[in-house]
Amino acid sequence: MKFKIKILTTSLLVASSLMLTNCSLDIKNPNGPTDAQILTTRDGLITLSVGLRQNYSTLGISALILTPGTTARETKGITTFTNIIEIEAGGTALPTFNGNVLGVWSRMYRVIGMADDIIASAPTALASDAAMKSGVVAHANLFKAMALGGLATSFEKMPLQTDKLGQAVYSDRTEALKLAVKLLDEAVAMISTTAPSAEFRTKVTGADFDLINSIQAYRARYNMMLGNFDAAIAAANAVDLSKKSSFVYSSQSQNPIYTATQISKDYAPRENFGLPTTLVESDDKRLAFYLSTPDVIVGGEKLKKLVGFFDAVDRAIPVYLPDEMRLIRAEANLRKATPDLVSALADINAVRTQTTGDAFGVNAGLGAYSGSPTKDALLIEVYKQRCAELFMTGMRLEDSRRFGRPAPPTSLIERTRNFYPYPDQERLTNPNTPTDPTI
């Protein structure tokens with residue numbers, strides 16, 4: 001992996017993410033600040049921190065939701081663009097030069113590179129302002145962790161750090177998740193020791209982004225993915241479920257899923273969340289929350305109109321959904337060496353029966369669980385609830401693997417790949433690139 005990252009003005013930070021990871025990113029704005037001005041000044045690091053979140057919330061989220069979401073059959077690629085047709089087909093037909101796969105890879109490493117610059121520079125540039133420094137570094141740790149977690153949902157192995165010489169060493173996805181958790185643990189410690197200033201909240205996160213609850217939510221998510229059940233439960237318990245944390249958009253910085261599904265119309269959501277009918281209840285109110293008419297038949301499949309968090313160019317997208325924390329607790333309690341079925345069922349029913357009170361208005365409105373009270377049956381119920389509650393959050397592919405759902409090459413019904421091949425651009429420049437997974 002070869003990265004020569006030039007720090008640009010905020011507007012160029014987003015645009016530059018469209019560049020390939022192995023290119024030399026030397027585009028400069030002659031009227032803009034230099035790298036030194038950005039990385040060595042207080043105002044520069046504040047601006048870069050805002051650009052980091054903007055980059056992730058537009059280009060990053062687009063890659064993480066739409067590409068794995070199509071592979072996991074939440075959405076269907078309905079365009080004539082070859083890269084989307086290849087993702088829709090999946091299987092062994094997915095080539096190593098696919099642009100969507102490259103997009104997941106390159107956009108996550110763009111986030112990692114930006115976060116690394118902030119983490120390295122803040123201790124010096126913000127040495128005299130501990131309250132700003134703790135916020136800026138914890139914020140960068142969070143986004144680096146999110147990018148590592150995003151890579152781990154799509155690839156078997158990946159470098160944990162960027163390497164300007166193109167010699168990055170690969171680690172198993174488990175190591176990427178461990179590093180993500182370490183970064184998040186450090187972030188909690190930082191802001192617990194020195195609370196971020198009001199100025200940090202005003203200039204960097206704004207009113208809509210809740211830093212500490214976001215950090216704890218991703219600690220819960222990644223510990224769950226690692227099988228650290230007690231740690232996942234503890235982190236989930238630390239999240240205030242009454243609070244919202246959102247990525248915000250405008251006519252200038254648009255909701256990327258809205259533009260892809262309702263302006264360019266490259267993708268459309270499948271009916272019933274893309275699930276087999278056995279995993280969907282027809283009176284689930286989340287169906288109407290996320291999906292609307294008019295229905296369209298494409299390739300023999302009924303597709304819906306996407307609403308929920310994706311029905312307007314300026315609609316905010318949650319950083320995480322509160323009920324994910326309940327479902328993490330339920331899953332962790334079921335998977336522990338000594339399962340706690342009672343606690344798991346309580347959290348499952350809290351999600352199922354909720355009719356009001358969800359911070360984002362995602363309410364299932366179902367009756368209490370009436371199926372078998374066994375561990376295996378309750379795990380299927382957790383998966384079912386995750387698929388509905390966390391629709392279009394980029395989690396389905398990871399969940400499908402973790403819950404042992406039907407998999408290729410035997411079945412392409414619920415997912416068409418297990419992991420993606422490594423992009424050609426990476427293999428051409430990095431001799432350490434592993435063998436591609438078969439499917």
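None of these values were measured; they are calculated from a predicted model.

Each helix and strand in the chain was counted, giving 17 helices and ten strands. A compact globule built from 439 residues would reach a C-alpha radius of gyration of about 22 Å, and the chain, at 21 Å, matches this within 12%. With the C-alpha coordinates of the chain rotated into their principal frame, the extents come out at 60 × 45 × 40 Å. Here the chain holds 439 residues, and the buried ones make up 59% of them. Summarising the internal contacts of the chain: among those between residues at least 6 apart in sequence, 72% fall at separations of at least 24. In the chain, 46 positive and 44 negative side-chain charges are present, and the distance between their average locations comes to 1 Å.

Attention shifts here to the environment of V169. Take V169: it is sitting in the loop between β4 (157-159) and β5 (170-172). We classify V169 as exposed; its relative accessible area is 61%. Between the C-alpha atoms of V169 and F209, which are 40 residues apart in sequence, the distance is 34 Å. For V169, the contacting residues outside a window of four places in its chain are M158, P159, L160 and N432.

Cis peptide bonds are those with omega within 30 degrees of zero, and the linkage from T293 to P294 qualifies with 10 degrees. Following the sequence through the fold, P294 ends up in strand β8 (residues 291-298). In the segment running from P408 into P409, the intervening peptide bond is cis, with an omega of 5 degrees. Secondary-structure assignment places P409 in the loop between α16 (396-402) and α17 (424-429).

Tallied over the entire structure, the rule returns four cavities of 30 Å³ or more. The wall of the largest cavity is formed by 27 residues, among which Y218, R221, V319, T393 and G394 lie closest to the centre. For the lining of the largest cavity, the secondary structure elements donating two or more residues are α3 (42-71), α6 (130-154), α9 (211-226) and β10 (317-318). Grouping the constituent residues of the lining of the largest cavity by class yields 20 nonpolar, five polar and two charged.

One full turn of an α-helix is made of 3.6 residues, so residues set three or four places apart face in the same direction. Of all the residues in helix α8 (residues 198-205), the buried ones are F200, V204 and T205. The buried residues of α8 occupy an angular sector of 65 degrees when projected down its axis, which confines them to one face. The first or second residue beyond α8 is G206, which carries a positive phi of 75 degrees.

Our focus in this paragraph is the confidence of the model for the chain. Looking at the chain, the pLDDT average stands at 93 and 92% of residues meet or exceed 70. Scored below 50 in pLDDT, residues 3-27 shows 63 contacts in the model against residues more than four places distant or in partner chains.

Definitions and limits used
Residues numbered from 1 in each chain as written. Predicted model: local features only at pLDDT ≥ 70, side-chain atom pairs only at ≥ 80, totals over all residues. Heavy atoms only, no water. Helix = DSSP H or I, 4+ residues; strand = E, 2+ residues; numbered from the N terminus. Rg over C-alpha atoms; globule rule 2.2 N^0.38 Å. Buried < 20%, exposed > 50% of the residue type's maximum accessible area, 1.4 Å probe, protein only. Contact = heavy atoms within 4.5 Å. Lys, Arg positive; Asp, Glu negative; His and termini not counted. Charge placed at Lys NZ, Arg CZ, Asp CG, Glu CD. 1 Å grid on protein atoms, 1.4 Å probe; cavity = no way out; pocket = protein on both sides within 12 Å on 5 of 7 lines; lining within 4 Å. Points joined across faces, edges and corners; volume = space filled by probe spheres on them. Nonpolar A, V, L, I, M, F, W, Y, C, P; charged D, E, K, R; others polar. Arc of directions from axis to C-beta. pLDDT = per-residue confidence, 0-100.

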